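# Examining the three-dimensional arrangement
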Amino acid sequence: MKEMTGKAAAEALVTSGMKLGLGTGSTAIHTVRHIGFLQREGKLKGIRAVPTSFQTVIECEKWGIPLYTLNSREIGGTLDLTIDGADEVDGRNYCVKGGGGALLLEKIVAYASVAYAIVADETKLVEQLGHSFPVPIEVVPEARLPAIQALERLGAVVTLREAVRKAGPVITEHGNLLLDIRFSSPVDPAVLEGELNRIPGVVENGFFTRLRPRVFIGHADGTLKIRE
Ligand code: 5RP
């Protein structure tokens, strides 16, 4: 499902000369690989990419996809298109992202893009965001405890994300911690996206509600649906 969906978005949306934001995760990585493959075949030329994580950087390097930052002169602060994965997608195409810990650059890149597409399998479709999959909050290390307390006052259950195969917490690409939060009662993701960032020390949160992505959804029966 992931491979089919990631490839389909690259085939449908990416054209030569584009300035691209490239997402993170086990679905978006197939988009990156397919762009690399099309480039290698000579079917895509002049791609300039802005990666959203070390994972994406490494994959782009393997495929020879030219990398820039949003601040590079060749990019000039805006992108034609970003393709990324998601942890949850609701009926309005609002998303929760950051399961791979890359939400900060993922959001900066997404919000600097003219067009935005999500690649996800059907297991990501939900009615209510923030219930089953936790919403990640990137917080500077010094603000850990007051941020946890502020999030609890908003009704969230908060867990500090722990690393696997390293003792202690996950450290993001930007040297911060991740707090994974869950709500037991319904929340308004569009309000919370702004509200959470008002907590001192919070750098960004995993609600993505200000974009209207085209969502490519892979189904277990091998079919693909595209939701505008
Ligand atoms: C990383 C992300 C990913 O896009 C999200 O976690 C989905 O990943 P996957 O396709 O592996 O399920 O937001 O920060």
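Residues numbered from 1 in each chain as written. Predicted model: local features only at pLDDT ≥ 70, side-chain atom pairs only at ≥ 80, totals over all residues. Heavy atoms only, no water.

## What about the site of the ligand?
- Around the ligand, 17 residues are found, and the nearest of them are Ser26, Thr27, Asp87, Gly98 and Lys124.
- Within the contact set of the ligand, an oxygen atom lies 2.8 Å away from a backbone nitrogen or oxygen of Gly98.
- Gly101 places a main-chain nitrogen or oxygen 3.4 Å from an oxygen atom of the ligand.
- In the complex, the protein chains occlude 92% of the 380 Å² of accessible area that the ligand would expose alone.
- Of the residues contributing to the shell around the ligand, the split by class is two nonpolar, nine polar and six charged. (Near = heavy atom within 4 Å. Polar contact = N/O pair within 3.5 Å; in protein donor to acceptor, adjacent residues only side chain to side chain. Areas by Shrake-Rupley, 256 points an atom, 1.4 Å probe, with all protein chains shown as cover. Nonpolar A, V, L, I, M, F, W, Y, C, P; charged D, E, K, R; others polar.)

## Details of the packing of helix H1 (residues 2-13) against helix H2 (residues 28-40)
- Relative to each other, H1 and H2 sit at 50°, their axes nearing to 7 Å. If you check the angle between H1 and H2, you find them oblique. As for how H1 packs across H2, the hand of that crossing is right-handed. Every residue of H2 that contacts H1 at Lys2, Glu3, Gly6, Lys7, Ala10 and Glu11 is listed here: His30, Thr31, His34, Ile35 and Leu38. (Axes fitted to C-alpha atoms, helices over the stretch in contact; angles between N-to-C directions. Helix = DSSP H or I, 4+ residues; strand = E, 2+ residues; numbered from the N terminus. Parallel < 35°, antiparallel > 145°, perpendicular 65-115°, else oblique. Left-handed = near helix turned anticlockwise from the far one by under 90°. Contact = heavy atoms within 4.5 Å.)

## Concerning H1
- For H1, spanning 12 residues, the distance from its first C-alpha to its last is 17 Å, which sits close to the expected 16 Å at 1.5 Å a residue.
- Within H1, burial applies to Thr5, Gly6, Ala8, Ala9, Ala10 and Leu13.
- Lining the buried residues of H1 we find H2, strand S3 (79-84), strand S6 (113-121), strand S12 (214-218) and strand S13 (224-227). (Expected span 1.5 Å × (residues − 1). Buried < 20%, exposed > 50% of the residue type's maximum accessible area, 1.4 Å probe, protein only.)

## Some points on the side chain of Thr24
- On the secondary structure map, Thr24 appears in the loop between strand S1 (19-22) and H2.
- A polar contact is formed between the side chain of Thr24 and the side chain of Thr56, at a distance of 3.2 Å.
- Excluding its chain neighbours within four sequence positions, the residues that come into contact with Thr24 are Thr52, Ser53, Gln55, Thr56, Asp84, Gly85, Ala102 and Glu106.

## Notes on the sheet that holds S1
- Read from one edge to the other, the open sheet built from six strands follows the order S2-S1-S3-S6-S12-S13, with strand pairing classed as mixed. Edge positions in the open sheet fall to strand S2 (48-51) and S13, since each of these has one partner strand only. Each adjacent strand pair in this sheet contributes to an overall mean axis angle of 20°, direction not counted.
- Alignment of S3 against S6, held across five bridges, turns out to be parallel. Each residue of the ladder has a partner; that of Thr82, found in S6, is Tyr116.
- In the packing of H1 onto the sheet, the strands contacted are S3, S6, S12 and S13, and the crossing angle to S12 comes to about 145°. (Pairing = 2+ DSSP bridges.)

## Remarks on the sheet that holds strand S7 (residues 135-139)
- Across the sheet, four strands lie side by side as S8-S9-S7-S10; this open sheet has antiparallel pairing. Each edge of the open sheet is held by one strand with a lone partner, namely strand S8 (156-160) and strand S10 (202-205). Mean inter-strand twist for the sheet, computed between neighbouring axes without regard to direction, equals 30°.
- In this structure, S7 lies alongside strand S9 (residues 177-183), joined through five bridges in antiparallel fashion. Across the sheet, Val135 pairs through a bridge with Ile181, a residue of S9.

## Here we look at the domain arrangement of the protein
- Taken domain by domain, the protein consists of domain 1 (2-125 + 210-227) and domain 2 (135-204).
- Centre-to-centre separation of domain 1 and domain 2, based on C-alpha positions: 24 Å.
- The interface is formed by 16 residues belonging to domain 1 together with 14 residues belonging to domain 2.
- Summed over both sides, the interface of domain 1 with domain 2 buries roughly 1300 Å², with 61% coming from carbon and sulfur.
- Considering only the surface of domain 1 that becomes buried against domain 2, Leu103, Leu104 and Lys107 emerge as the three largest contributors, covering 40% of it. (Domains from an automatic or database assignment. Buried area = accessible area lost by both parts, 1.4 Å probe.)

## What to know about the packing of H2 against helix H3 (residues 54-63)
- Interhelical geometry of H2 versus H3 gives an angle of 20° and a closest axis separation of 9 Å. Here H2 is positioned roughly parallel relative to H3, judged by the angle of their axes. Once H2 is placed against H3, the crossing between them reads as right-handed. On H3, the residues that touch Ile29, Val32, Arg33, Gly36, Phe37, Gln39 and Arg40 of H2 are Gln55, Thr56, Glu59, Cys60, Lys62 and Trp63.

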